[in-house]
Amino acid sequence: MSKFNLVINGSQFSVDVDPNTPVLWVLRDHLKLFGTKYGCGRGLCGACTIHLNGSPLRSCQLPISAVGKNVITTIEGLSKTGEHPFPPVFAAVANALYKATGKRFYQQPFQSQIKA
Ligand code: FES
């Protein structure tokens, strides 16, 4: 385990994790930032996309040790003031799917619950 100090969505975070842990799982399992999604886990689908210093990256392929002092932006950080259209649209789609099916599609497992 190693300690990492991170800047995510303009806030400071500190985590103590294995240096090889993908950023996706640091965000979801350790920091409870569930907006970044697990999809394929192989860098193909883009569900886990974050911005690192403004450039999009697949967080499932990025070990936490590679972040350094770079700034992370997740979907939660896009619309703190409500100006970005994507988070409200995503919420509307999720609510519509829930009304139509009774299932919550945005609930996802933790890393330890996924079989490779
Ligand atoms: S989960 Fe599919 S690209 Fe990362």
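Residues numbered from 1 in each chain as written. Predicted model: local features only at pLDDT ≥ 70, side-chain atom pairs only at ≥ 80, totals over all residues.

Sheet analysis places strand β1 (residues 2–8) next to strand β2 (residues 11–17), joined by seven bridges and oriented antiparallel. Bridge pairing in β2 links Val7 to Gln12. Where β1 folds back on β2, the antiparallel hairpin that results is connected by two residues, among which Asn9 adopts a positive phi of roughly 55°. The pairing of β1 with strand β5 (residues 71–73) spans two bridges and is parallel. If you follow Val7 over to β5, its bridge partner there is Val71. (Pairing = 2+ DSSP bridges. Helix = DSSP H or I, 4+ residues; strand = E, 2+ residues; numbered from the N terminus.)

Below, the discussion takes up the environment of Thr36. With respect to the helices and strands, Thr36 occurs in the loop between α1 (23–30) and β3 (49–52). The class for Thr36 is buried, based on 23 C-beta atoms found within 10 Å. Taking the C-alpha atoms as reference points, Thr36 and Val23, 13 residues apart in sequence, are found 9.8 Å from one another. In this structure Thr36 touches Leu24, Leu27, Arg28, Cys48, Ile50, Ser59, Thr74 and Ile75, once residues within four positions along its chain are discounted. (Buried ≥ 20, exposed ≤ 12 C-beta atoms within 10 Å, placed from the backbone. Contact = placed C-beta atoms within 7 Å.)

Here we take up the nonpolar core. Counting residues in hydrophobic clusters, the biggest one holds 15 residues, and the most contacted among them are Val23, Leu24, Val26, Val67 and Ile72. Only β1 and α1 provide two or more residues apiece to this core. Ranked by the residues each element gives to this core, the list is headed by α1, at five residues. (Core = buried A, V, L, I, M, F, W, Y, C linked by C-beta atoms within 7 Å.)

The subject of this paragraph is unusual backbone geometry. One non-glycine residue, Lys32, lies in the positive phi region at around 60°. Mapped onto the fold, Lys32 is located in the loop between α1 and β3. Since 7 C-beta atoms lie within 10 Å of it, Lys32 is described here as exposed. In this structure, Asn53 takes a positive phi of about 55° despite not being glycine. The residue Asn53 is located in the loop between β3 and β4 (55–58) in this model.

On to the sheet that holds β3, then. With mixed pairing, five strands are arranged side by side in an open sheet as β2-β1-β5-β3-β4. Each of the sheet's edge strands pairs with one partner strand only, and the pair in question is β2 and β4. When the angles between neighbouring strand axes are averaged without regard to direction, this sheet yields 40°. (Axes fitted to C-alpha atoms, helices over the stretch in contact; angles between N-to-C directions.)

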